[in-house]
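What the coordinates show
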Amino acid sequence: MSRPLTKAAPESPRREHRPEFRLFSLGGVRERLRSDVGSQRFTDRPYASVQLLLLATGGLLGFGVLMAVSTTIAASHDVDGVGSVWGQAVKEAEFIALGLLLFWFAVRLSPRAFRFLAYPVLGLALIAMVAVLAPGIGVSVYGARRWIDIGPLQLQPSELAKVGMLLWGADLLARKQQFGTLRRARHLFLPLVPGFAVASLLVMAEPDLGTTSCLLLVLLGLLWMVGMPIRYFATVLVLVAGTITVFAVTAPYRLERLTTFMHASKDPMGSGYHTIEGLYALASGGLFGVGLGQGTSKYGWVPNANSDYVFAIIGEELGLLGCLAVLVLFGLLGYAGLRVVRRSADPFVRLAAGGATIWLCGQAVINIGYVTGLLPVTGIPLPLISAGGTSLLITLFVLGMLVSFARHESAAVSAARRAQRRGQRSRLERWCRIPVPSAYVPPKRRSAPHRRHPGTAGRRR
C-alpha cells in the first residue's frame, strides 16, 4: 500500500530573510559592511590620490600660515623696524593668494597641456636666469644676485627653472620611450644631462648651491623613474655628488660649513652658529613646545628663522609633536605622489610626477637635515612652510600639477565620466570650473623605416 499523501505545512516566514529586518539585525550590519561601498578601502576609491594630495597640501600650507604669523613679526624687526609688521603679513598673504590661483590653474590643466608648457616655461626660465646676472636687472641680497623686481614682488628665476627642467626632461624621456630609443645609453644621457648641466651652471653663477642641488634632485628623479640600469644610475649619482662637492669647496664659506657641521662647537660664533642655535631651539621645545608665538629664538638668535630655519622654530613652539606632524605630512605627500606614478598609464605623467615628488620630498629632507645638524647648511627652504614668495608659488603650481595627474588616473576618469552622465558632479567641481578629465590614449608607436641594400632597390620579392 502506498502511504497517504500528507499536505506539507507551509514554511513559516523567517524575519531574517526580509531586508527591512536584516538592516537592523546583526546579520544586516555585517551584510552592509561587506557590500561594495562598505568594504571598499579608502585607497581603492577612485579619488583617493586626489584626497591624499589635498590633505598633505592643506596641512603643510596650514603650518606655513601659522609659522608665517609667528616668525615674520620677528623678521620684520630686523629689516624695517616695528612699523613693517603688517607689511610682512600682507606680503605673505599676497603670495598665498597668488599661489592658490596657480594651484587652481594647474589642477584644471591636462597632462597634454603640461607637455605643451614644457618648452615655453624652460625658455622663459633660461632667459630670466641670464637676465638676473645683468647689472641693473638682478637684485643683489647678501652678495647673491638671484631676484628680479616685478612691481611689488621679487621673483627668483631659478625656482621657475626647476619646473621648466622637470617638464622638459619628462617630455624628452617620454618621447624617447615612445620611439623605443632608450635602450641605448647615449639616448638616456643626451641631451638630458647636458641640459641640466647648463641650468646648474647658470644657477651657480648667482651663486645658489641649494637650488643647484634641487635641480640635480630632479635629474636623479627622472632617471630613476625612467628605469635607468643601476650601473648607469650609480655613475650619475657619483657624478652628482662629486659636482656638489666641487661647487662646495670652491667657495671658502661653503667649504667652512662643509668641514665644521659635524663639529659645530669648534666655531660656535662662526660657521657653527646656525647649527648650534637651531639645535638649541629644537631642544627648548620639549614634547609639546612653549606655545605658538611664544618662542624667543626667532628674535635674533636663530638666523633666518622665517625661512631656512623655520623647522627649528616649529620644534621650539610646537614641540616634538609639531615636528612629527610635519614629517608625517611630507611622508603622506611622498606616498601620494608615488601612488600617482604607480596608477598612471601616461609615461609623461609617471616621469613628471615621480620627479616632482622626489624633488619636493628631497628638498624637505635636506632642509630638515641641516636644521637638525645631520647635513651641511645649504639654505634650501622647507616647501610650503618657509617664507619665500617664488618658492611658494612654484611649489603650489607643482602640487596642483600632481592633483591634475591624480584626476587623470583611469579609475578617477571613469568615476568622473559616470558622474557627468548622471549629472552628479560635486558643487566644488562646478564652482571651480574643473573640467572632466579624459582617458589616456597611447600614441601609435613609430618604428624606424627599414633600410634596404642599394643593390636590391629594384628587385622584386
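A brief look at the structure comes next.

Each value, and the rule that gives it
- Residues numbered from 1 in each chain as written.
- Predicted model: local features only at pLDDT ≥ 70, side-chain atom pairs only at ≥ 80, totals over all residues.
- Heavy atoms only, no water.
- Salt bridge = Lys/Arg side-chain N within 4 Å of Asp/Glu carboxyl O.
- Helix = DSSP H or I, 4+ residues; strand = E, 2+ residues; numbered from the N terminus.
- Buried < 20%, exposed > 50% of the residue type's maximum accessible area, 1.4 Å probe, protein only.
- Phe/Tyr/Trp six-rings, centres within 6.5 Å; stacked < 30°, edge-to-face > 60°.
- Pairing = 2+ DSSP bridges.
- Axes fitted to C-alpha atoms, helices over the stretch in contact; angles between N-to-C directions.
- Patch = residues over 30% accessible without salt bridge, like charges linked within 9 Å, V, L, I, M, F, W, Y side chains within 5 Å.
- Areas by Shrake-Rupley, 256 points an atom, 1.4 Å probe, with all protein chains shown as cover.
- Lys, Arg positive; Asp, Glu negative; His and termini not counted.
- Charge placed at Lys NZ, Arg CZ, Asp CG, Glu CD.

**Notes on the pattern of salt bridges**
For side chains bearing opposite charge, pairing can occur when the charged atoms are close. Scanning all chains against the criterion turns up 6 salt bridges. Notably, a salt bridge pairs D171 with R175, separated by 2.9 Å at the nearest N-O pair. Within this pair, D171 and its partner R175 are both found in helix 7 (residues 157–179), separated by 4 residues, close to a single helical turn. Residue D171 is classed as buried on the basis of its relative accessible area of 0%. Note that E429 is salt-bridged to R425, the shortest N-O span being 3.6 Å. Accessibility expressed as a relative area gives 18% for R425, which makes it buried. Put simply, R115, D171 and R175 are held in one network by salt bridges that share partners.

**Focus on the packing of aromatic side chains**
Ring pairs (aromatic) are described by centroid distance and by the angle formed between their planes. For the coordinates displayed, the defined rule picks out 7 aromatic pairs. Between F189 and Y232, the ring centres sit 6.1 Å apart and the planes meet at 80°, which makes this aromatic pair edge-to-face. Remark: Y232 occurs in helix 11 (residues 230–250) and F189 occurs in helix 8 (residues 185–189); sequence separation between them is 43 residues. A relative accessible area of 26% means that Y232 is categorised as partly exposed. On the basis of an interplanar angle of 85° and a centroid distance of 6.2 Å, the ring pair of F348 and F405 is categorised as edge-to-face. Remark: F405 occurs in helix 16 (residues 389–407) and F348 occurs in helix 15 (residues 347–371); sequence separation between them is 57 residues. Exposure remark for F405: the relative accessible area of 1% places this residue in the buried category.

**What about the sheet that holds strand 2 (residues 144–150)?**
The strand order across the open sheet built from 3 strands is 1-2-3, with neighbouring strands paired in antiparallel fashion. Every interior strand has two partners, whereas the edge strands, strand 1 (138–141) and strand 3 (153–155), have only one. Between one strand axis and the next, the sheet turns by 45° as a mean value, whatever way the strands run.

**Quick look at a positive patch on the surface**
Taken together, the side chains of R417, R418, R421 and R422 present a region of like positive charge at the surface. By secondary structure assignment, the location of R418 is in helix 17 (residues 410–422).

**A few points about the pairing of strand 2**
Note: strand 1 against strand 2, 4 bridges, orientation antiparallel. Residue V139 lies in a different strand from strand 2, and its bridge partner there is W147. As judged from the 3 bridges shared by strand 2 and strand 3, these two strands associate in the antiparallel manner. Of the residues in strand 3, the one forming a bridge with D149 is Q154.

**Concerning unusual backbone geometry**
A cis amide bond links L190 with the next residue in sequence, P191, at an omega value of -5°. The linkage connecting E206 with the following residue, P207, adopts the cis geometry, with an omega of -5°. Inspection of the secondary structure puts P207 in the loop between helix 9 (192–204) and helix 10 (209–225). Here L384, not a glycine, exhibits a phi torsion of approximately 70°, which is positive. Residue position: L384 is located in the loop between helix 15 and helix 16. With phi around 55°, R433 is a residue other than glycine that occupies positive phi space. Tracing the chain through its elements places R433 in the segment after helix 18 (427–431). Classification of R433 as exposed rests on a relative accessible area of 64%.

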